[in-house]
Amino acid sequence: MKLRLPLISLRASLALLLASATVVTFLVVGTGILLVRLPQVQERAQEQAAQAAQASATLLERMLEGVEQQLAPVAALAPTMPVAGLQPYLDALVWQSGDFDAVLLLDGAGVVSAAVLARDNAASTMRGQDLSGNPLFRRIQERRQGSAAPDLTPVWSDSYLSPVTGEITVGVALAAGAKVVIGEVALARLLRFVRTLDTPEVKLMVIDQRGRWLASNMATGRRFDYTSDPAFTEMGQGREVSRAVKVLDEDWWVGGRVSDRLSWIVVGGVPAGMSNYSYRTTVLAVLFGFFGSLMISVALAPLWAGRLSRPFVQLAERARRVADGDYRPLAAEVIPIREFRALERDLDGMAQSIRARESAVGRSQQQLEAVLESTPSVAIQWYDRDGRVLYWNPASTEIYGFAADEVLGRCIVENPFIYLDQAQARDFVAVLADIERTGRSVGPVEFELRHKDGHTVTVLATTFAIPGDGGQPIFVCMDVDISPQKMAQRALQEQEVKLEAIFNASPAPMSVSNVREGYAILSVNRAWEDLYGRSREEVLGQNGAENGFWADVADRQRFVAELERNGQVQNFEAWCIAGGGNSILCQFSALVAEIGSERLLLMMTVDITEQRRIEQELQALNTELESRVVQRTEELARSKQALELSLDDLQRAQDQLVESEKLAALGQLVAGVAHELNTPLGNGLMAVTTIVDRVKEFHTLSERGLRRSELASFLQYVQQSAEIAVSNLMRSAELVRSFKQVAVDQTSSQRRSFPLHEVVREVVVMLGPTIRLTPYRVEMNLAEGLELDSYPGPLGQVLGNLINNALLHAFEGRTAGTITIEAAALDEQRLRIVVRDNGCGIDPSLRRKVFEPFFTTRMGRGGTGLGLHIAYNIVTRLLGGSIELEGQLGQGAVFVIILPLRAPQQPVGTDGTEDAAAATAAGGQPRS
């Protein structure tokens, strides 16, 4: 039995058809909107949560850094300052800074030496108590035992109940020599910024490393234990949580950041699902659109169907034309007849359906092709589930360099043309399978892919699935090239780092102030801190009137008035007060600059106190110059006479020793001494004689009128000659002491930090007169930035001995020769000094003897046999290094010295005791 359906009119049928088509179309579009938009809403919410958590974690780290910087001065003073002297600093930390509830100073055994509490006066009762069981003290002690070098890194604790204040607190400890400084900050005070943050869309919460709730900016509701929650465990491990998390009986999209110092988790949360405003708005908009389109289609479909039902008379002709592909309606109207409504419905529905579908398909295809082919900056590719390329738009060719005919039909797994390797291509195919299984889109995410020419392209990619032929999905990948943005971002970051480094490395003291905030200081460089003796933290946010910078407030008023009148100030002089209270005369140059929306004052300072003092003293120096020169000349003459007497004594001693066979060797030694003394005595005599001649010239110039340039030239020449005379006379005295003993006690030499090139150049300058008397020359090739903490005097003696040794022995019988001094760093703890010559070299059979005392090939002819021995002892014992002889016979000698950048504190012998020979090598008496 056939089922008879009720007959309806053509108009009603068409109305229902049009309404259904409209509703279904909007349903598909709305579903696509939800599939695309809702993941974007979730991703944006998670980004907001992560950004809020990052900002809060950064703020927490800045607060912790500020607490460390407040304790750092006390830790620096504690090793050397008595407890009574530290007490004011401890009081200031607690009572003035307002950040600490308690500050304790523990000695090496963990006993409280000093204490300050914020809420009561029981600090005195804490002194003498044993806090060696304190976890912070134990961690500092463990770190000391595990490392030979002192570690000054602060140590932080998790939240705990303080035995000192009885409150939940956080502790920080710094090593101070053998002592330990501990500061306790109340947890509520440290986290009060979280409660005051006004973030209506993002909720913040802080959880300690044990999973306990610490603080939040939510008005109600707390959950104190998140230990068992896997989402918070993942955030504590530094992983992102992409799913919704149940917090306080609500679904949240969360993002977390871990504090580096405390290992606390700062959690930012945004409501998930329909509780989220953007999510809810998107869903409701699609629903309202759906029902609106339904109502409109119901209202308009009957009217449109009535017009379609009129041309009925020409149905046969229209049917023929439809069969031929002509869908144009006939001009004549058709009177509706119910008996033919079945034929009318079928024919008209067929014609309109075919036409509408062909038109829709054509328009959709044209629109899709126009969008895909015209998009200039979005690379679009279609893939099947196996990773085979189905479509490749022109933007893809522009970004990746491959033309469409090169890639269409190729499988990325078999030939990963734009992927870095097959592993990355297989990962992408796995993502396609995941999209097909879950129906979710992936992205936008950053990928590094490969251009045809081989360079790397960074893109922001989004991948999703669309229906394809035969029910097979087509995977659409949309890529945006962000390589220029990445390069610009890196360049901007590098530029900011460079500008900051230039500002801080500038030798001129500079500061930056905010004009609109009363010239409050925004930043100062290290040269400014050194000049004024104040740290950056002390002056930030203050102007010159607030920090007592100007000695006279009227000077500041004049400075500001000129600045506001001209927009800049040049060479403004005023007295200022440094951090220690001393007055300095400064010269200011300032300029107001518009940078973005801010008006900034850039000011540079020059300390001219010494310059003005020198100018004032110059006149007095001129009047005293003549008497001082005469007095200095007489002193040098007396020194010369005394040294000549010493030389006579040595020569007489030589004559006496030669007469005795038992002291024959000593006689040769004294002869060598006399010969060695001739050079420095001759240099000193020449310098003194030159000074006498210049004094006579000075008298002549003074009688006819003295010019400033002549005075400066005279002073410079007298100073150089006096320094040469004093240096050579001191060298003569040093030689006398050196030959009385093999070496000098290292305690007579001063230890300090110095640049290597300074010592080398001083040695070459001191030996300049001797070198100029020979046809030989000395060259230097020294690396820059070589700084030593050692003994510059003994090191200079070593270099002088090696140069003199080359001058005496290397070039015998030659009319030219070069001595080269080279220096370079071996690593972070050692450097290498090479003294080479291009002379005759040393016989290999004599190399093991050259460092022995009294070994020389020129005894009685300028050689004593002690120069290289003294150099060896100084290098190996006092300076803590090594010296070796290299080179080939006939090709010159090469002395290689390896030295530590930091010399040992005490020279020691092989048995662990002080070695008298090492002390003697430095030029003094052995200690009894």
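Throughout what follows, the structure given in this document is the object of discussion. (Residues numbered from 1 in each chain as written. Predicted model: local features only at pLDDT ≥ 70, side-chain atom pairs only at ≥ 80, totals over all residues. Heavy atoms only, no water.)

1. Focus: the nonpolar core
Stage number 1. In this structure, Leu756, Ile833 and Phe895 are the most contacted members of the largest nonpolar core, which totals 47 residues.
Stage number 2. For this core, the secondary structure elements donating two or more residues are α21 (756-766), β23 (776-782), α23 (792-809), β25 (817-825), β26 (830-837), α24 (867-878), β27 (882-886) and β28 (894-900).
Stage number 3. Tallying contributions element by element places α23 first for this core, with seven residues.
Stage number 4. Ignoring anything within four residues of it in the chain, the contact list for Leu756 reads Leu786, Leu788, Leu795, Ala823, Leu831 and Ile833. (Core = buried A, V, L, I, M, F, W, Y, C linked by side-chain atoms within 4.5 Å. Buried < 20%, exposed > 50% of the residue type's maximum accessible area, 1.4 Å probe, protein only. Helix = DSSP H or I, 4+ residues; strand = E, 2+ residues; numbered from the N terminus. Contact = heavy atoms within 4.5 Å.)

2. Considering unusual backbone geometry
Stage number 1. One non-glycine residue, Ser263, adopts positive backbone phi at about 60°.
Stage number 2. Position of Ser263 among the secondary structure elements: in the loop between β10 (250-258) and β11 (265-271).
Stage number 3. Residue Ser263 is classed as partly exposed on the basis of its relative accessible area, which comes to 34%.
Stage number 4. Although it is not a glycine, Tyr519 sits at a positive phi angle of roughly 65°.

3. Let's talk about the pairing of strand β13 (residues 389-392)
Stage number 1. Sheet topology note: the strand β12 (residues 378-383)/β13 ladder contains three bridges and is antiparallel. When the sheet's bridge partners are listed, Tyr383 is paired in β13 with Val389.
Stage number 2. Where β12 folds back on β13, the antiparallel hairpin that results is connected by five residues, among which Gly387 adopts a positive phi of roughly 85°. (Pairing = 2+ DSSP bridges.)

4. Some details on the sheet that holds β13
Stage number 1. Strand order in the open sheet formed by five strands is β13-β12-β16-β15-β14, with antiparallel pairing between adjacent strands. On the outer flanks of this sheet lie β13 and β14 (442-450), each paired with one strand and no other. Direction aside, neighbouring strands of the sheet carry axes that sit 30° apart on average.
Stage number 2. Along the sheet, helix α14 (residues 483-505) makes contact with β14, β15 (456-467) and β16 (473-481), crossing β15 at roughly 140°. (Axes fitted to C-alpha atoms, helices over the stretch in contact; angles between N-to-C directions.)

5. Some remarks on the packing of aromatic side chains
Stage number 1. All told, the structure shown has 20 aromatic pairs when counted by the stated rule.
Stage number 2. Aromatic pair Phe549 and Phe588: ring centres 6.0 Å apart, planes at 55°, arrangement tilted. One end of the pair, Phe549, is in the loop between α16 (536-539) and α17 (553-566); the other, Phe588, is in strand β20 (residues 583-595), and 39 residues separate them in sequence.
Stage number 3. Looking at Phe549, the relative accessible area reads 6%, which means it is buried.
Stage number 4. Between Phe559 and Phe572 the ring centres are 5.5 Å apart and the planes differ by 70°, which places this aromatic pair in the edge-to-face class. (Phe/Tyr/Trp six-rings, centres within 6.5 Å; stacked < 30°, edge-to-face > 60°.)

6. Side note on empty space enclosed by the protein
Stage number 1. Counted by the stated rule, this structure contains two cavities of 30 Å³ or more.
Stage number 2. There is about 180 Å³ of room inside the largest cavity.
Stage number 3. Around the largest cavity, the lining is made up of 16 residues, and of these Ser513, Tyr519, Gly544, Trp550 and Met603 lie nearest the centre.
Stage number 4. Looking at the lining of the largest cavity, the elements with two or more residues in it are β17 (510-514), α17 and β21 (598-607).
Stage number 5. At four residues, α17 tops the list of elements feeding residues into the lining of the largest cavity.
Stage number 6. Residues that form the lining of the largest cavity fall into these classes: ten nonpolar, five polar and one charged. (1 Å grid on protein atoms, 1.4 Å probe; cavity = no way out; pocket = protein on both sides within 12 Å on 5 of 7 lines; lining within 4 Å. Points joined across faces, edges and corners; volume = space filled by probe spheres on them. Nonpolar A, V, L, I, M, F, W, Y, C, P; charged D, E, K, R; others polar.)

7. Observations concerning the pairing of β10
Stage number 1. Alignment of strand β9 (residues 244-247) against β10, held across four bridges, turns out to be antiparallel. Counterpart to Ala244 in the pairing with β10 is Trp253.
Stage number 2. Linking β10 back to β11 in an antiparallel pair, the connection comprises six residues, with Ser263 at a positive phi of about 60°.

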